[in-house]
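Understanding the architecture of this molecule
Next come the chains, spelled out residue by residue.
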Amino acid sequence: MKTQHYLESKKYSTLVFIACFIAYAASYVGRINYSAALPDILEEGLFTKSQAGIIGSAFFIVYGFFQIINGFLGDKISPFKMIILGTFLSAGANTVMTFCITNVSMAIVWGFNGFALSLLWAAILKILANIINYDMRSKACLNISATLPIGTVLAYILASVSINFFNWKYVFYTSTIVLLFSGVFFTATYILSKKHIKEVEISTPLNNNKKSEQNKNAGKFLPLFLSAGLLLVLPADAIHGAIKEGITTWVPTMITETYNTPVAFSVFVSIILPIVNLSGNYIVTPLYNKIFKKDELKTGAAILTFVLIPFTFLIFMKNLPVVVSVILLALGTTAMHTFNYMIITLVPMQFAKYGKTATVTGVMNATAYIGCAAATYGFGIISDNIGWNGTVIVWIVIDIIALLFTTLNIKKWNRFKQNECI
């Protein structure tokens, strides 16, 4: 019989959720700030777009690689300590960025920031899926998704103000303050709540028809992962990461170059994206529950189909008002964020009963950030060579590929959820 930690108190479970929410929102401030500062960095002539893309890619490569390692660790060691360590290390990396004057030094420091922040997500999902009060878990996993748009909005607001009154270095100064606050708050919450966390015995679910085989595989990650058919979902996972983070990274630059707007204005207008993104998961949840019968991949396929609509209109971006283009981009990124919710949050939740939530989260998140790394560098080069219209066409093509991979695995995923193929 296995054991795991459990926090029965709803009061302290709520406090832990708030601390997780603040920590993960702060983590977005501590990484999206580079994208927000990028137009000002480019305007100073410090780097070319391709060189700047390497810096962003360094973050995603390191972040993605350590997601796998830290995913496994999240099922082995205290997720609370992982979050505390990652938050404070990221604060340090953000401070050091202000002293970097070459793209190589920035890439090294920003890559280290990727390592620091890779400690957070799998650990947070482990806490929400396995530790806090059972009745609060489903709602907590939905609400934690709001950290992304809220963190993004805060990052862009702080960046817009910092660039307007000072320069890009102050974008990183303000992020450091946010990260330090979140780290102190999370540490205090952990100290207050840890005495209420108890060890309880758990058992993995058994399928009566295949009891011996499931007993054999229930504690093993790879058989579970393969039987769920998630290997075929990984390409779609990587593509959604490429589109989601690629757009987030390059939108301020895209707007500045297409419409010749001031940098501060482009950064501020980009705030529309995460504000709209905030609504996505709450809109898709009733559809997921009622229309798609809690089928994560079928819902994901519908989302990827919807994305084709705003992207098709964006091909004509030069002929559209800037506000219309931003709204179309917001619709596209909102859809990608809801797909992220299906794949990175709800899919790993199905492995909580096997004690593999953090591990699956790490693998899925790592794959998404492989796509992010490719997009951060690749979209910069693509836009240099074929323009932003051509870049949008690339988004459409790879979205269709992601749709095909997602659709192919719907049946196998549902058999896994029904414990028929373990």
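Above this text sits the structure in question.
Helices and strands together make up the secondary structure of the protein, namely 17 helices and two strands. Taken over C-alpha atoms, the radius of gyration comes to 21 Å for the protein, in line with the 22 Å a tight globule of 422 residues would show. The principal-axis extent of the C-alpha atoms belonging to the protein is close to 65 × 45 × 35 Å. Long-range contacts, defined here as pairs at least 24 residues apart, represent 84% of the contacts in the protein between residues at least 6 apart. Of the accessible surface of the protein, which amounts to about 16,600 Å², a share of 68% is contributed by carbon and sulfur atoms. Charge separation in the protein, taken as the distance between the mean sites of 30 positive and 17 negative side-chain charges, equals 10 Å.

Further remarks concern the packing of aromatic side chains. One pass over the structure, following the stated rule, counts 21 aromatic pairs. An angle of 20° between the planes, with centres 4.9 Å apart, marks the rings of Phe80 and Tyr190 as stacked. On the criterion of sequence distance, the pair formed by Phe80 in helix α3 (residues 79-97) and Tyr190 in helix α8 (residues 169-193) is long-range, its members being 110 residues apart. We note that Phe80, like Tyr190, is buried. Their ring planes at 85° and their centres at 5.5 Å tell us that Trp110 and Phe172 sit as a pair that is edge-to-face. With Trp110 in helix α4 (residues 103-117) and Phe172 in helix α8, this residue pair connects regions lying 62 residues apart in the sequence. Through successive ring pairs, a cluster of aromatic residues spans Tyr34, Phe59, Tyr63, Trp110, Trp168 and Phe172. Against the face of Tyr28 rests Arg31, its NZ or CZ located 4.1 Å from the ring centre. Arg31 extends its terminal NZ or CZ atom over the ring of Tyr63, reaching a point 5.1 Å from the ring centre.

Another aspect to go through is the packing of helix α11 (residues 234-259) against helix α15 (residues 322-349). Look at α11 against α15: their axes get within 9 Å of each other, and the N-to-C directions meet at 160°. Judged on the interaxial angle alone, α15 and α11 are roughly antiparallel. When the axes of α11 and α15 are compared, the crossing they make is left-handed. Mapping the contact onto sequence places Ala236, Asp237, His240, Ile243, Lys244, Ile247, Val251, Met254, Ile255 and Tyr259 in α11 and Val322, Ser325, Val326, Leu329, Thr333, Met336, His337, Phe339, Asn340, Ile343 and Ile344 in α15. Considering only residue class, the contact of α11 with α15 consists of 14 nonpolar, five polar and two charged.

This part takes up helix α13 (residues 272-291). With 20 residues, α13 should cover 28 Å at 1.5 Å per step; its first-to-last C-alpha distance of 29 Å lies within 8% of that length. Here α13 has its buried residues at Leu273, Pro274, Asn277, Gly280, Asn281, Val284, Thr285 and Tyr288. Turning to α13, the residues buried within the fold contact α6 (137-143), α7 (147-165), α11, α14 (296-314) and α15. Where α13 terminates, the next one or two residues include Lys293, which has phi positive at roughly 50°.

Attention now goes to the packing of helix α2 (residues 49-74) against α11. Axes are the key here: two packed helices are described by the angle between their axes and the distance separating the axes. It is the contact of α2 with α11, at a shortest axis distance of 11 Å, that shows an interaxial angle of 160°. Taken together, the axes of α2 and α11 are roughly antiparallel relative to one another. Handedness of the crossing formed by α2 with α11: right-handed. Between α2, through Lys49, Gly53 and Phe60, and α11, the contact on the second element is made entirely by Glu245, Thr249, Trp250, Thr253 and Glu257.

Turn by turn, an α-helix covers 3.6 residues, leaving residues three or four places apart pointing in a common direction. Compared with the 21 Å implied by 1.5 Å per residue over 15 residues, the 21 Å span of α4 between its first and last C-alpha is a close match. Every buried residue of α4 is listed here: Met106, Ala107, Val109, Trp110, Gly111, Asn113, Gly114, Ala116 and Leu117.

A word on the nonpolar core. Among the nonpolar cores identified, the biggest contains 128 residues, and Ile127, Leu230 and Phe351 are the most heavily contacted of them. With residues up to four places along the chain from it excluded, the contact list for Ile127 reads Val16, Cys20, Pro79, Phe80, Ile83, Ile132 and Phe186. Judged by nonpolar contacts, the second largest core, of five residues, contains Ala26, Val29, Ala91 and Val178.

Turning our attention to a nonpolar patch on the surface. On the surface, a cluster of nonpolar side chains totalling about 490 Å² of accessible area is made up of Phe65, Ile68, Ile69, Phe72, Leu73 and Ile77. Here Ile68 is to be found in helix α2.

Rules used in this analysis
Residues numbered from 1 in each chain as written. Predicted model: local features only at pLDDT ≥ 70, side-chain atom pairs only at ≥ 80, totals over all residues. Heavy atoms only, no water. Helix = DSSP H or I, 4+ residues; strand = E, 2+ residues; numbered from the N terminus. Rg over C-alpha atoms; globule rule 2.2 N^0.38 Å. Contact = heavy atoms within 4.5 Å. Areas by Shrake-Rupley, 256 points an atom, 1.4 Å probe, with all protein chains shown as cover. Lys, Arg positive; Asp, Glu negative; His and termini not counted. Charge placed at Lys NZ, Arg CZ, Asp CG, Glu CD. Phe/Tyr/Trp six-rings, centres within 6.5 Å; stacked < 30°, edge-to-face > 60°. Buried < 20%, exposed > 50% of the residue type's maximum accessible area, 1.4 Å probe, protein only. Lys NZ or Arg CZ within 6 Å of the ring centre and 35° of its normal. Axes fitted to C-alpha atoms, helices over the stretch in contact; angles between N-to-C directions. Parallel < 35°, antiparallel > 145°, perpendicular 65-115°, else oblique. Left-handed = near helix turned anticlockwise from the far one by under 90°. Nonpolar A, V, L, I, M, F, W, Y, C, P; charged D, E, K, R; others polar. Expected span 1.5 Å × (residues − 1). Core = buried A, V, L, I, M, F, W, Y, C linked by side-chain atoms within 4.5 Å. Patch = residues over 30% accessible without salt bridge, like charges linked within 9 Å, V, L, I, M, F, W, Y side chains within 5 Å. Salt bridge = Lys/Arg side-chain N within 4 Å of Asp/Glu carboxyl O.

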